[in-house]
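The chain contents come next:
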Amino acid sequence: MPETPTLRRDGTPWRPLYVEAIDPDVCIGCGRCFKVCVHGVLMLIGLDEDDTVVAADDDEAERRVMTLAEKGRCIGCAACRQVCGSKALTLAA
Ligand code: SF4
Ligand code: SF4
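I will try to describe carefully the structure that is included in this document.

### Let's talk about the overall build of the protein chain
Okay, step 1: Check the secondary structure of the protein chain and you find 2 helices and 7 strands.
Okay, step 2: For 93 residues, the compact-globule estimate of 2.2 N^0.38 gives 12 Å, and the protein chain exceeds it by more than 25% at 16 Å.
Okay, step 3: In terms of principal-axis extent, the alpha carbons of the protein chain reach across some 50 × 25 × 20 Å.
Okay, step 4: Looking at the protein chain residue by residue over its 93 residues, the buried ones come to 29%.
Okay, step 5: Of the contacts formed within the protein chain by residues at least 6 apart in sequence, a portion of 59% connects residues at least 24 apart.
Okay, step 6: About 6600 Å² of surface is accessible on the protein chain, with carbon and sulfur atoms providing 51% of the total.
Okay, step 7: Averaging the coordinates of the 11 positive side-chain charges in the protein chain and doing the same for the 15 negative ones gives two points 16 Å apart.

### As for the nonpolar core
Okay, step 1: With 17 residues, the main nonpolar core has I22, L42 and L89 as its most contacted residues.
Okay, step 2: Elements represented by at least two residues in this core include exactly β3 (18-22), β4 (42-47), β6 (63-68) and β7 (89-92).
Okay, step 3: Contacts of L42, omitting those with residues within four sequence positions, involve I22, C33, F34, C37, M66, T67, L68, A69 and C80.

### Considering the site of ligand 1
Okay, step 1: Taken together, the neighbourhood of ligand 1 is formed by 13 residues, with C27, C30, G31, C33 and C84 sitting nearest.
Okay, step 2: For the shell around ligand 1, the per-class residue count stands at 9 nonpolar, 3 polar and 1 charged.

### Topic: unusual backbone geometry
Okay, step 1: You will see that A78, though not glycine, has its phi angle at about 70°, which is positive.
Okay, step 2: Mapped onto the elements, A78 comes out in the loop between β6 and α2 (79-83).
Okay, step 3: One non-glycine residue, K87, lies in the positive phi region at around 55°.
Okay, step 4: Position of K87 among the secondary structure elements: in the loop between α2 and β7.

Cut-offs used in this document
Residues numbered from 1 in each chain as written. Chains lettered and ligands numbered in written order. Predicted model: local features only at pLDDT ≥ 70, side-chain atom pairs only at ≥ 80, totals over all residues. Heavy atoms only, no water. Helix = DSSP H or I, 4+ residues; strand = E, 2+ residues; numbered from the N terminus. Rg over C-alpha atoms; globule rule 2.2 N^0.38 Å. Buried < 20%, exposed > 50% of the residue type's maximum accessible area, 1.4 Å probe, protein only. Contact = heavy atoms within 4.5 Å. Areas by Shrake-Rupley, 256 points an atom, 1.4 Å probe, with all protein chains shown as cover. Lys, Arg positive; Asp, Glu negative; His and termini not counted. Charge placed at Lys NZ, Arg CZ, Asp CG, Glu CD. Core = buried A, V, L, I, M, F, W, Y, C linked by side-chain atoms within 4.5 Å. Near = heavy atom within 4 Å. Nonpolar A, V, L, I, M, F, W, Y, C, P; charged D, E, K, R; others polar.

Following this line, the structure appears as structure tokens:
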């Protein structure tokens with residue numbers, strides 16, 4: 001049975017692209033993706049000098065990176081990748 005396509009309001013097909021991963025070696029923790037995502041998918045974390053996860057506002061945080069807190073909540077709008085200047089996000093159908 002053919003898959004029913006997702007449609008835009010005008011009836012044209014929409015192919016969602018869901019967030020799959022964020023590369024912690026590329027992400028600069030700028031928070032731009034977080035600001036555009038209204039679905040609670042993303043969360044900023046801190047990494048200490050040993051790359052152990054700490055709270056983003058912890059004094060031990062040497063750097064901050066974005067992570068996928070609730071990957072299953074993604075609707076596939078791709079807005080996060082659109083605003084990421086570092087190309088840290090990987091999306092998939
Ligand atoms: S994934 Fe991109 S937009 Fe999001 S915090 Fe990292 S560098 Fe910034
Ligand atoms: S694709 Fe859309 S819903 Fe999914 S994480 Fe990015 S901005 Fe949020």
